[in-house]
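Structure assessment
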Amino acid sequence: MTNRAKPTHPHALTELCEEGGRLYANALRTGRIARADVESAPCLMEFALLHPDPDDATWLRPVPPSVALAQRLHPIEREITDRRRLSIELADAFEPFMALSAQVTTSTHSITVLEGLDRINAALDLATAQCQNEMLTIQPSHRHPEHRLVEALERDKTLIERGVRIRTLYQHTARYSPERLAYVDRFSDGKAEYRTIDELVERLIICDDSVAFIPIRDDRQVALELRHPGLVSYLVKVFEFMWNRAVPLTPGTPYETAPDGITEIQHSIAKLLVEGHVDEAIARRLGMNVRTCRAHIAKLAQALGSGSRAQLGYLIAQSGILEQNQGPRGSSSA
């Protein structure tokens, strides 16, 4: 007698194959089915939907669907019961600590250090889910991977659908990013506002004027979650100060050339040069790569007739161009 290998038929019970469904239905209608007829659907025996006929081994009888369903639901319901019991035990275990925590002053929990991207993102997700009125964000215009933009798109879409207002600040260089412009165009109906400004230092996220997040390391692996009303209020004022000096984000450039032949971005670079910042720091604060920054510095040196970096700083200070650029040029208050 030749042994035949059992045909493999892998799938979940919730995805019962078409052949298995047809044979099981026939067995229920007739009360039994020949064992040979179900060889094409071994899943029926694997899932215990058929059992041998006690009177004749060549036949199989169907297990009533109510019985089969109960057999599958029982371990699931038992798991749900176990998890519910575990949740009650956890709540009971932490109850005395919750009461103790309520006696501690609020200031103890007003600043939380978040270490690691997972913990930072979890805290941001929670604050975003609880945000009901407005989210303020400052986002230096570094290029982001496509999946990060998709995640941000989904987050903003969810907030807007919930009626939350969004205001975001970028650097002027965001105007040259097709990905960023396409992202902003998705929310051009006025429920979200985006503006740009020449210089930004770091990221900032504020939800409902009640919680703020700021990074405290350059690699952004550590952040602070701030819930102290005074600190959050101060950061809101900082955001509003920059927001009122920013311009709406649209394609194109706000870097207009002044009568002195120096563009606004070169004025911004000149200010940072005089303050002693190196090229890399200037590029980071203005949201551009170092090569572009150095090209602007070269044009600035040419406009002022500088032959060296040291002379450039002196000529900037002597030219008075920084005093001429005290107000936001080319901007509009909205």
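Strand order in the open sheet made by the three strands is β1-β3-β2, with antiparallel pairing throughout. Looking at the sheet topology across the chains shown, the edges are occupied by β1 (33–34) and β2 (50–52). As judged from the two bridges shared by β1 and strand β3 (residues 59–62), these two strands associate in the antiparallel manner. Note that in β3 the partner of alanine 34 across the bridge is tryptophan 59. Sitting on the sheet, helix α1 (residues 18–30) touches β1, β2 and β3, and the angle it makes with β3 is about 85°.

Let us now look at the pairing of strand β5 (residues 134–138). Within β5, five of the five residues are buried, leaving the element largely enclosed by the surrounding structure. Pairing between β5 and strand β6 (residues 165–171): five bridges, direction parallel. Opposite leucine 136, over in β6, you have arginine 167 as the bridge partner. One ladder, built from four bridges, connects β5 with strand β8 (residues 204–207); its direction is antiparallel. Its bridge partner lying in β8, isoleucine 138 is registered against leucine 204.

Tallied over the full model, the rule gives two aromatic pairs. Seen from their ring centres, tyrosine 170 and tyrosine 194 are 6.2 Å apart, and the 10° between their planes marks the pair as stacked. Of this pair, tyrosine 170 sits in strand β6 while tyrosine 194 sits in strand β7 (residues 192–197), and the two are 24 residues apart along the sequence. Classification of tyrosine 170 as buried rests on a relative accessible area of 3%. The interplanar angle of 20° and the centroid separation of 5.7 Å between the aromatic rings of phenylalanine 239 and tryptophan 243 together place this pair among those described as stacked.

Okay, the environment of phenylalanine 239 next. Note on placement: phenylalanine 239 falls in helix α7 (residues 229–243). Distance in space between the C-alpha atoms of phenylalanine 239 and leucine 136 is 7.7 Å, their sequence separation being 103 residues. Residues contacting phenylalanine 239, with those up to four places away along its chain left out, are Leu136, Thr137, Ile138, Arg167 and Leu169.

What follows concerns the sheet that holds β8. The strand order across the open sheet built from eight strands is β4-β10-β9-β8-β5-β6-β7-β11, with neighbouring strands paired in mixed fashion. A strand with exactly one partner marks an edge of an open sheet, and here the two such strands are β4 (111–115) and β11 (247–248). Against the sheet, α7 contacts β4, β5, β6, β7, β8, β9 (211–215) and β10 (222–226), and its axis sits at roughly 65° relative to β6.

Now for the packing of helix α10 (residues 290–304) against helix α11 (residues 309–319). Following both chains from N to C, one finds α10 and α11 inclined at 60°, their axes separated by 10 Å at the closest point. As α10 packs across α11, the resulting crossing turns out to be left-handed. In contact with Ile297, Leu300, Ala301 and Leu304 of α10, α11 contributes Arg309, Leu312, Leu315, Ile316 and Ser319.

Rules used throughout
Throughout, residues of each chain are indexed from 1 in the direction in which the sequence is written. Owing to the predicted nature of the model, reporting of local features is limited to residues with pLDDT of at least 70; listing and counting of side-chain atom pairs is limited to 80 or more, with chain, interface and lining totals taken over all residues. Hydrogen atoms and water are omitted, and side-chain values are computed over all heavy atoms in the structure. Between any two strands, at least two bridges found by DSSP are needed for them to pair. A run of DSSP states H or I qualifies as a helix once it reaches four residues; a run of E qualifies as a strand once it reaches two. Both are numbered from the N-terminal end. Contact between two residues is taken to exist if any of their heavy atoms lie within 4.5 Å; hydrogens are not considered. Note on geometry: axes are lines fitted to C-alpha atoms, helical ones only across the stretch in contact, with angles between N-to-C directions running from 0 to 180 degrees. When a residue's accessible area, from a 1.4 Å probe over protein chains only, is under 20% of the maximum for its type it is buried; when over 50% it is exposed; and in between it is partly exposed. Classification of ring pairs uses Phe, Tyr and Trp, with its six-membered ring standing for Trp, and accepts pairs whose centres are within 6.5 Å; under 30 degrees between planes counts as stacked, over 60 as edge-to-face, and the remaining range as tilted. Should the near helix be turned anticlockwise from the far one by less than a right angle, the crossing is left-handed, and should it be turned clockwise, the crossing is right-handed.

Honestly, it's all geometry; don't read function into it.
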